[in-house]
Structure formats: structure tokens, C-alpha cells
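# A look at the structure
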Amino acid sequence: QDQGNMSSKGKEPKDKAKAKAKSKGKDKEQGKDKIKGTNRPSFKRKTNVGTNKPIEILAIDSDDKDWVSLFAGCTFNGQSFKVTKCRWENMIVHSELSGSVYVNCKPNENPLPGTDEGNYRTCSPDFVIVRKLIRGLSDREDYTNALYGLLFAGIPAVNSLEACHACLERPAVTAALNGIKRRLGPEAFPLIDMHYYSHHTAMMFTPEPPIVVKIGYAEAGYGKMMFKDSNGVQDLKSVIALHHDYVTVEKFVENREYDLRIQKVGNHYRAYKRVNANWKGNVGSSIVEEIPMTEKYQLWAEEAGKLFGGLDILTVDAIHTTDGKDYIIEINDSPSGFLGKNEKEDMGHVRDLVLQKLAAEYPEFA
């Protein structure tokens, strides 16, 4: 009897061994399929899409922007939309790797009439619209922690949260633009030449004045200075020594005739011409007019739109000179401002873009 027990432990019945081998083979095959993506596991990010609940949209924008009205009457898969609008500084984010995200929103200081924006609100967004700068001028205006929270949960967005993160630093964006210039050539993509300095001590040799110096990642004309001689640059180095910012330097375009802004929202493009007496074209009063879109301008925006996995919303800023040359200065990503008279229409293009992105994210419900 003991020998019989030992025998049964030492050798499994043939049918049981076959079943076990078959199970192992199946598990191995399933593992292979999961790696290849041909038989993806059933795990999906938690979402209201495909349920009887409204699809939740978090619009990160200024108090005066009315995204609620834009999505009123819109549906996806028969579901309506619930829009929560908030600024970065009024957000507190808790997220999980399961895809769950909880955004607590403080009251907006200037709530739109007929909305609950004057109250404390909580939302679990299925989609995010980014229309505000993630960082301001000081450390107190750095909201990257909130961006990380949304990234952590893998929430789809316009622009994508990965692209928003990639566009936070000027050197990284300029390096990507330079890749386009190298591929297409300076005639097709005339990006202005630029120098980068990690610290003030690196600024031993700078281009011959006149030059424009830009400190750190600041935008909208801040942290930018023009120097006509090297004495001013030496004074600036002593100021930069007190901080820890990097610096970029480019030649000052003396024969500027007007500025160009090429706007891309999905597959919709606009071109603007701006005339301003200030060398900082976005400072002071300007005369702005919409001009015809050309193949050249559209190429700039299309190529820039391929960066960082795709930039659905962007603007290309350039300078046109009196001798007919163009110089691309920079690009702006998702928070790029819309011209007043076209703002409502362009916000509508963003709404349409959200619907397209949802269809791509959830093709089973499109």
C-alpha cells in the first residue's frame, strides 16, 4: 500500500499529465499573444465611455471660456457630456494606475452664469482639454505636479499629456524643430540659429550683437532681452549667476517687416500677420490680420505637428523680413491663444477634435 502511494506520487496519470501540458501550452500561447498585442488582456482604464453615465471632460482653461455650451447637445455613442472647467492652480489630483483619477476643483473666481463653477467640484475625467500654461513665471506657478497626476492615470487629452510634458522646456522643443530643419533643409524649414548655455559660466562666447537672450522657459515676452553690444551681456551674466536658469541666445533680426503666426487645430489651419513697433511682437499694441494660408506655412505647421507623438493644437511663430526671408522662432503647444474674432469657431474645432480622439480611443463605440 505504501509502495502504491509512492508510485502514484512519482508518476502522474497520462490523462492528467496531458491536461497539464495542454494548459501550460495555452498559457504560454496567451502570454505570447499578449506581448504581440493580438489577444490583449481584458484590463482597460476605468471610464464612463460605454456606460449610461455622461462622459466627463475636464477643460483646463480661463474662467471666461465657455466649454459647457460648446458641448451642450453633443453626444458620443449616445452619451452626453459633463464638462468641468478649472485652472491648473485650482486643481488637486489623486490618480491610480488602474486609470481612476479624481480631480478636486476649487471655485472659479469668476464663474460663468448658469454653471456650478462657483462651487467646490469633483470630477473623474474621461478626457482632458489643456488650454492653460502648465508653468508660469515663478515656482509658485508651477503646476507640473497636477500634470503628472493626469499622466499617471493615462487619461487621453488634447494635446496628449505626454506631448504637453515634452513641450515644457524650450531646448527640448528647439532640438526637435532642428531635426525637421536638418531633414527638410533650411529653405523649407527656416528655423533661426540658436545657442544654448547651461549656466552663466558657459556664456564665455556668444554670437556678435545684436542678439536676443531668453532665460529659461518663460513665455509671452517675459525673460527676453535684446542687446546691441557685449557690455549689456556681461551685466546679464552677473544677474543669471544668482539663479539656476539655462539661457538661449539667437541673432536679433534687424530688418523685420512683420511677424507670422501659423495656427493648427487638428486639420484646420490659419495664418496671421502681426505688425508691432515693439521688437517683442506680443508686447504692446499690435495690428493683427488673417492672411491666406500657403503651402509653405502649412508645411511648417504639419511638420511641427508630428513632434512628440503628435501636436493637435499648436502655433508656429516666425518673422518675415523686408528682403523677403522668413525665420521660424518657436512653436507654442496646446495653450496657444486663439484670436478673439475666431475664438469661438476655433474652440469648436477643438471640440470636434475631442470627438475624433474619443472615436480613436474607443473604436468599439464610434
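Thresholds applied
- Residues numbered from 1 in each chain as written.
- Predicted model: local features only at pLDDT ≥ 70, side-chain atom pairs only at ≥ 80, totals over all residues.
- Heavy atoms only, no water.
- Helix = DSSP H or I, 4+ residues; strand = E, 2+ residues; numbered from the N terminus.
- Buried < 20%, exposed > 50% of the residue type's maximum accessible area, 1.4 Å probe, protein only.
- Areas by Shrake-Rupley, 256 points an atom, 1.4 Å probe, with all protein chains shown as cover.
- Core = buried A, V, L, I, M, F, W, Y, C linked by side-chain atoms within 4.5 Å.
- Contact = heavy atoms within 4.5 Å.
- Pairing = 2+ DSSP bridges.
- Axes fitted to C-alpha atoms, helices over the stretch in contact; angles between N-to-C directions.
- Salt bridge = Lys/Arg side-chain N within 4 Å of Asp/Glu carboxyl O.
- Polar contact = N/O pair within 3.5 Å; in protein donor to acceptor, adjacent residues only side chain to side chain.
- Phe/Tyr/Trp six-rings, centres within 6.5 Å; stacked < 30°, edge-to-face > 60°.
- Lys NZ or Arg CZ within 6 Å of the ring centre and 35° of its normal.
- Arc of directions from axis to C-beta.

### A few points about the overall build of the protein chain
Check the secondary structure of the protein chain and you find nine helices and 16 strands. Here the protein chain holds 366 residues, and the buried ones make up 43% of them. Carbon and sulfur atoms provide 51% of the accessible area of the protein chain, an area that totals close to 20100 Å².

### Some remarks on the environment of Gly 154
Relative to the helices and strands, Gly 154 is located in the loop between helix H4 (144-153) and strand E7 (157-158). Sequence spacing of Gly 154 and Ser 100 is 54 residues, and the spatial spacing of their C-alpha atoms is 9.0 Å.

### Let's talk about the nonpolar core
By size, the foremost hydrophobic cluster in this structure holds 25 residues, and its most contacted members are Leu 177, Trp 300, Val 316 and Ile 331. Put simply, the parts of the chain that give this core at least two residues each are helix H6 (170-184), strand E12 (256-265), strand E13 (268-275), helix H8 (295-304), strand E15 (313-321) and strand E16 (326-332). Once you skip the residues sitting within four places of it in the chain, Ile 331 turns out to touch Val 173, Leu 177, Ala 304, Leu 307, Leu 311, Thr 315 and Val 316. Formed by 23 residues, the second largest nonpolar core is a distinct cluster that contains Leu 70, Phe 81, Ile 129 and Leu 358.

### As for the environment of Leu 133
On the secondary structure map, Leu 133 appears in the loop between strand E6 (127-130) and H4. For Leu 133, a relative accessible area of 40% puts it in the partly exposed group. Sequence separation between Leu 133 and Cys 164 is 31 residues; the distance between their C-alpha atoms is 9.5 Å. Excluding anything up to four places from it in sequence, Leu 133 contacts Trp 88, Tyr 143, Glu 219 and Pro 335.

### Overview of the sheet that holds strand E14 (residues 287-291)
Note: strands within a sheet are paired through backbone hydrogen bonds, in either parallel or antiparallel orientation. With respect to topology, five strands assemble into an open sheet ordered E14-E13-E12-E15-E16, the strand pairing being antiparallel. At either margin of the open sheet sits one strand with a lone partner, and together these are E14 and E16. Sheet twist, expressed as the average angle between the axes of neighbouring strands with direction ignored, equals 25°. Of the strands in this sheet, E12, E13 and E15 are in contact with helix H9 (residues 343-361), which crosses E13 at around 150°.

### Concerning the pattern of salt bridges
One pass over the full model with this rule turns up 21 salt bridges. Arg 87 is paired through a salt bridge with Glu 109; the nearest N and O atoms lie 2.9 Å apart. Residue Arg 87 is located in the loop between strand E2 (81-86) and strand E3 (91-95), and its partner Glu 109 is located in the loop between strand E4 (101-105) and strand E5 (121-123); the two are separated by 22 residues in the primary sequence. We note a salt bridge from Glu 169 to Arg 135, for which the minimum N-O separation is 2.9 Å. Of this pair, Glu 169 sits in the loop between helix H5 (161-166) and H6 while Arg 135 sits in the loop between E6 and H4, and the two are 34 residues apart along the sequence.

### With respect to the side chain of Asp 126
Within the secondary structure, Asp 126 sits in the loop between E5 and E6. In this structure the side chain of Asp 126 is engaged in a polar contact, spanning 2.9 Å, whose partner is the side chain of Thr 47. In terms of polar contacts, Asp 126 uses its side chain to reach the backbone amide nitrogen of Asn 48, at 2.8 Å. Residue contacts for Asp 126: discarding those within four places in its chain leaves Arg 45, Thr 47, Asn 48, Val 49, Pro 54, Ile 55, Glu 56, Ile 155 and Pro 156.

### A few points about the packing of aromatic side chains
With the rule as written, the count across this model stands at four aromatic pairs. Ring centres 5.3 Å apart and planes at 55° place the aromatic pair Phe 71 and Phe 81 in the tilted group. With a gap of 10 residues between them, Phe 71 in helix H3 (residues 67-71) and Phe 81 in strand E2 connect regions that are remote in the sequence. For the pair Tyr 297 and Trp 300, a centre-to-centre distance of 5.4 Å together with 50° between the ring planes defines the contact as tilted. On the criterion of helical spacing, the pair formed by Tyr 297 and Trp 300 is a turn pair, its members being three residues apart in helix H8. Against the face of Phe 338 rests Arg 131, its NZ or CZ located 4.0 Å from the ring centre. Here the basic side chain of Lys 273 rests over the ring of Tyr 258, its NZ or CZ set 4.8 Å away from the ring centre.

### Some words on the environment of Glu 364
For Glu 364, the location among the structural elements is in the segment after H9. Classification of Glu 364 as partly exposed rests on a relative accessible area of 44%. Sequence spacing of Glu 364 and Gly 50 is 314 residues, and the spatial spacing of their C-alpha atoms is 8.9 Å.

### Points about H8
Residues of H8 that are buried: Tyr 297, Trp 300, Ala 301, Glu 303 and Ala 304. End-on view of H8: buried residues confined to an arc of 170°, all on one side of the axis. Turning to H8, the residues buried within the fold contact H6, E12, E13, E14, E15 and E16.

### Focus on unusual backbone geometry
The bulk of non-glycine residues show a negative phi, and the bulk of peptide bonds are trans. The omega angle of the peptide bond from Val 158 to Asn 159 is -15°, so this bond is cis rather than trans. Here Pro 209 and Pro 210 are connected by a cis peptide whose omega angle stands at 5°. Summarising the element assignment, Pro 210 is placed in the loop between strand E8 (194-197) and strand E9 (211-215). Although it is not a glycine, Asn 77 adopts a positive phi angle of roughly 60°. Topologically, Asn 77 is positioned in the loop between H3 and E2.

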